[in-house]
Every structure is written in structure tokens, then in C-alpha cells.
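# Structural description and commentary
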Amino acid sequence: MINKKVNNKKAINSNSVLIRELSHYYGIGDNRKRVLDGVNINIEQGELVLLKGPSGCGKTTLLTLIGALRTCQSGSLKVLNNELNGASRKTRQKLRRSIGMIFQGHNLLRCLTAEQNVQMGADLIKDLTYLQRREIARKWLSEVGLVEHNKKFPSDLSGGQKQRVAIARSLSANPKLLLADEPTSALDSVTGREIVSLLKRLAKEQNCSVLMVTHDPRISDMADRILNMEDGKIFDAHSKII
């Protein structure tokens, strides 16, 4: 009986994201528009999943819902074993500390150096000294190939370098779930594959799930799984609605 309970617990915890019949709408009355239409997804711990689809199909909306940045309207959305449909603002705020997010816009603070921007992620980790947080920032800057640029301000960095700083900032927080919106769009093909390889290694080593929105065909072979989205619906690689 004890073994059975342990196994059940593992099964419950194996999904970082579990979505059932999730729908979302913008507007009210005659202007109400459905953006997500009965979405069903499960993402396991340590899995790297790519989400593809045309612009305006609902990919970014889905990412922000999973990231607890929007209120869930309809269906079930469980993230790191937290049900977000009906969750309080406090619950969502606490959950966001375990989620790393990489947006198309790097959103770096112009008044901070690259190292200081990355350290903002490490600042979310409890019980670390300033020196420990600084070392974490330098480690991730090194991982994305920017350790020699640690003292530069965003205005002194190229677009691709800014994006890599933003990626390092998200990783420095030691997330359990990483959500990325076109993280390789400003990167050349070699750097893009290096970054995805880094994210995949993070997923395996730290049991961190990665959901990445992308139009980049150069990284498709690196995913554990590819989902396609169109008109607010999710399809698997064989164009079957899931």
C-alpha cells in the first residue's frame, strides 16, 4: 500500500503543466472574441516543447496564462501542481517566483549593467548572500557567452546580446518552468542552437520544463515534442487536435 501511494504521488507530480479544455476570450458583448478554444496540453518535468503557429493564433496568450500573468477564465490550468482557475492573486504571485519568462522584447533595465540585470533573477532565490547572487549572475552570463560584457549597459550591447542577457536573467532564478517567446529570433543560427542546447540541458539536469514559442525552423530537431497552434486550437505533429 505504501509503494502504491508513492507511485501515485510521482504520477501527479510528473506534469509541470496540465491543461484541460482551456478557453480564453477578449472583449465583451458583440466584440467578444475567442482566442483559445478548448486547449489541452500536458508538459512533463524535464521536457522541452516547441509551440508553433501563425501570428495571432493565441500562442502568446497561452504563454501568459501559464505564466500566471493573466486570469484563467474557463477550463482547468494546473501549473506546478497549482490550479490557476480561481486562484488568488497571492497564489499567482507566489507561483511566478518559480517560473522563468523570456519575452521577445528583452525588457532589460537600462540603468543596470548586464551583470546587474542578470542578478535580478538570482535575487529571487532566498537565503543567498550578495556575493553568491553575483556569482550566479556571472555563471549564467558565461553560459550565454557574455561574461566579458558583464560591466556593459544595455545601450552598449547588440540586439542579440541583449536577448542573451535576458535569457541568462531568467535562468539565474533557478526556475522550475521556463516559458520563452521567440528567444532565438534576434540570434544567428549558431548562437540560437547553442541557446536551445543550453535550455535543453537545463531541463534535463534541473528537471525544469521548457515551453518555447518559435517560428525558427533551425531548432525543430532539438525539441522533445512539437505542438502546432491555429485559430486557438492545439494540434500535435500529425495535425490531430489534442
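Residues numbered from 1 in each chain as written. Predicted model: local features only at pLDDT ≥ 70, side-chain atom pairs only at ≥ 80, totals over all residues. Heavy atoms only, no water.

## A look at the overall build of the protein chain
Looking only at helices and strands, one finds seven helices and ten strands in the protein chain. Taken against the 2.2 N^0.38 rule, which gives 18 Å for 242 residues, the C-alpha radius of gyration of the protein chain at 18 Å falls within 12% of a compact globule. Counting only C-alpha atoms and orienting by the principal axes, one finds that the protein chain spans roughly 50 × 50 × 35 Å. Counting all 242 residues of the protein chain, 48% fall into the buried class. Once local pairs closer than 6 in sequence are excluded, the contacts in the protein chain between residues at least 24 apart make up 68%. (Helix = DSSP H or I, 4+ residues; strand = E, 2+ residues; numbered from the N terminus. Rg over C-alpha atoms; globule rule 2.2 N^0.38 Å. Buried < 20%, exposed > 50% of the residue type's maximum accessible area, 1.4 Å probe, protein only. Contact = heavy atoms within 4.5 Å.)

## Quick look at the pattern of salt bridges
Note on pairing: side chains with opposite charge can pair once their charged atoms come close. Enumeration over the complete set of coordinates arrives at 13 salt bridges. When the shortest N-O distance is used, the salt bridge between Asp-123 and Arg-133 registers 2.6 Å. Taken together, the residues span a long stretch of sequence, with Asp-123 in the loop between helix H4 (114-122) and helix H5 (130-143) and Arg-133 in helix H5 at a distance of ten residues. On the accessibility criterion, Asp-123 (37% relative accessible area) is partly exposed. For Arg-133, a relative accessible area of 18% corresponds to the buried category. Of the charged contacts in the structure, one is a salt bridge between Asp-224 and Lys-200, with a shortest N-O distance of 4.0 Å. Taken together, the positions of Asp-224 in the loop between strand E8 (209-213) and strand E9 (225-230) and Lys-200 in helix H7 (residues 189-206) put the pair 24 residues apart, joining distant regions of the chain. Judged by its relative accessible area of 26%, Lys-200 is partly exposed. (Salt bridge = Lys/Arg side-chain N within 4 Å of Asp/Glu carboxyl O.)

## Considering the environment of Lys-126
The topology assignment puts Lys-126 in the loop between H4 and H5. Note: C-alpha distance between Lys-126 and Asn-31 (95 residues apart in sequence) is 45 Å.

## So, the pairing of E8
Here E8 lies mainly inside the structure; five of its five residues are buried. Burial along E8 is two-sided: Ser-209, Leu-211 and Val-213 and Val-210 and Met-212, pointing in opposite directions, are all buried. Where strand E3 (residues 48-52) lies against E8, four bridges are found, and the strand directions are parallel. Looking at E8, one finds that Leu-48 is bridged to Val-210. Strand direction decides the pairing type here: strand E7 (residues 177-181) and E8, joined by five bridges, are parallel. Note on E8: the bridge partner recorded for Asp-181 is Val-213. On the question of chirality, the crossover connecting E7 to the parallel E8 by way of H7 is right-handed. (Pairing = 2+ DSSP bridges. Right-handed = clockwise from strand over helix to strand, strands pointing away.)

## Describing H4
Within H4, seven of the nine residues are buried, which leaves the element mostly enclosed by the surrounding structure. Contacts from the buried residues of H4 go to H5 and helix H6 (159-172).

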